[in-house]
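For reference, the chains in residue letters:
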Amino acid sequence: MKLYHYTSFDVLKKMLADSIYTDDKTSLSYLKLYATHISYLVDKSEFVLYTDKLKQEVITFASKQNYILSKSELEILDKLCYPNYYTTSLTDSCENTYMWEIYGKNFSGICIEFDFSKTPIFYPRKDKAIGMCTAYESLLNKCQYLDRDDITFQESDISRILGYIISQNLDSKDDIENVINGASIISWIQRNAISIKRKAFHKEQEIRYVVSGKYVLNDISAELRNHITYFPIPLSAISSIILGSSINSQSIIDDITKMINEKLDDSVSIVLSKCKSV
């Protein structure tokens, strides 16, 4: 599966200069593809589009059952709806006019083609602090573009969430069955929250590459850890660098060619996009 990341020439240059490393244990080389915590996205309303509607549905459903959620129960609901994930933007086309305009610097940037068949789902990492191998889960989520009124829920799901919230005040809250149920609910909520965007952005056709906040890599500095992490993408997964159709500078093309020869596999091609502004 081929997926694409749009960016500027300067960002590509910095990525290839500063964000490539070799794993000591495997001798494999990786590109650090940086990702932003979902609560720090430029459009901060994105990640609450789904969760705000869900919270209201739970509160309304409880009221219909003559049950008013307490302050502590509302806090549990808030915690369930907090999407603790990091994400970076991809798409399934290198000829997306909207993405070239917005993220490809109005056709003067570049688009990186990744072959995700060469990218593992789980990345083993050596945690030097505790001297053992750990792993973190990465996900590909195709965004759904919806308005608030388009988001609907099954009553059975709302009832299940309410039941779990109420159970947290009972002695049985730590029972293994209840803990598993809670983990399942959190996963279900968060995977939906990170894949739903406002309909106004439907031209993006974004696919989000996502990692859970539970698996932030230790080599991210403490002051940045709440904001960013990165995905180690094998260099072998970079199959092409696509130039925006407005690039007509031979010096830029020469710079990209030189970087590819120095940093990437010989098989990486340089292609000029046919996509133009309309």
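For the structure itself, look to the data block above.
All of the points below concern the structure found in this document. This structure is a prediction, so every number in the text was calculated from the model and none was measured.

Cut-offs and rules
- Residues numbered from 1 in each chain as written.
- Predicted model: local features only at pLDDT ≥ 70, side-chain atom pairs only at ≥ 80, totals over all residues.
- Heavy atoms only, no water.
- Helix = DSSP H or I, 4+ residues; strand = E, 2+ residues; numbered from the N terminus.
- Expected span 1.5 Å × (residues − 1).
- Buried < 20%, exposed > 50% of the residue type's maximum accessible area, 1.4 Å probe, protein only.
- Core = buried A, V, L, I, M, F, W, Y, C linked by side-chain atoms within 4.5 Å.
- Salt bridge = Lys/Arg side-chain N within 4 Å of Asp/Glu carboxyl O.
- Axes fitted to C-alpha atoms, helices over the stretch in contact; angles between N-to-C directions.
- Parallel < 35°, antiparallel > 145°, perpendicular 65-115°, else oblique.
- Left-handed = near helix turned anticlockwise from the far one by under 90°.
- Contact = heavy atoms within 4.5 Å.
- Nonpolar A, V, L, I, M, F, W, Y, C, P; charged D, E, K, R; others polar.
- Arc of directions from axis to C-beta.

1. Thoughts on helix α5 (residues 155-167)
Under the 1.5 Å per step criterion, the end-to-end length of α5 is 18 Å for 13 residues, consistent within 8% with the ideal 18 Å. If you check which residues of α5 are buried, you get Ile-158, Ile-161, Leu-162, Tyr-164, Ile-165 and Ser-167.

2. Section: the nonpolar core
When a protein is soluble and globular, its nonpolar side chains tend to lie buried together. If you look at the biggest cluster of nonpolar residues, it comprises 30 residues, and the most contacted ones within it are Ile-110, Ile-112, Phe-114, Ile-238, Ile-241 and Ile-256. Put simply, the parts of the chain that give this core at least two residues each are α1 (9-18), β3 (29-37), β4 (85-91), β5 (110-115), β10 (206-212), β11 (228-234), β12 (238-243) and α7 (250-263). Here this core takes 4 residues from α1, the largest share from any one element. Counting residues in hydrophobic clusters, the runner-up holds 22 residues, among them Val-58, Leu-77, Leu-146 and Ile-196.

3. Description of the pattern of salt bridges
Going through the model one piece at a time under the given rule, you end up with 9 salt bridges. Measuring nitrogen to oxygen at the nearest pair gives 3.6 Å for the salt bridge that ties Lys-142 to Asp-92. A residue pair is termed long-range when its members are at least 10 positions apart, and Lys-142 in strand β7 (residues 132-142) and Asp-92 in the loop between β4 and α4 (97-102) qualify at 50 residues. The closest approach of N and O atoms between Asp-150 and Lys-199, which form a salt bridge, is 3.1 Å. Residue Asp-150 is located in the loop between β8 (144-146) and α5, and its partner Lys-199 is located in the loop between β9 (196-198) and β10; the two are separated by 49 residues in the primary sequence. Residues joined by salt bridges that share partners form a network here, namely Lys-197, Glu-204, Glu-206 and Arg-208.

4. Topic: the packing of α5 against helix α6 (residues 176-193)
At a minimum axis distance of 11 Å, the contact between α5 and α6 shows a crossing angle of 130°. Considering their axes alone, α5 and α6 lie oblique with respect to each other. In terms of crossing hand, the pair formed by α5 and α6 is left-handed. Between α5, through Asp-157, Arg-160, Ile-161, Tyr-164 and Ser-167, and α6, the contact on the second element is made entirely by Asn-178, Asn-181, Gly-182, Ser-184, Ile-185, Trp-188 and Ile-189. In the contact of α5 with α6, the residues fall into 5 nonpolar, 5 polar and 2 charged.

5. Let's talk about α7
Note that an α-helix has 3.6 residues per turn; residues three or four places apart therefore point the same way. The terminal C-alpha atoms of α7, which comprises 14 residues, lie 20 Å apart, in line with the 20 Å expected from a rise of 1.5 Å per residue. Buried within α7 are the following residues: Ile-256, Met-259 and Ile-260. Considered in projection along α7, the buried side chains sweep an arc of 100° and stay on one side of the axis. For α7, the exposed residues lying more than 90 degrees away from the buried face are Lys-258, Asn-261 and Glu-262. Here the buried face of α7 lies against α1, β5, β12 and β13 (269-272).

6. Describing the environment of Ser-236
Structurally, the position occupied by Ser-236 is in the loop between β11 and β12. Placed 120 residues apart in sequence, Ser-236 and Phe-116 show a C-alpha to C-alpha distance of 9.9 Å.

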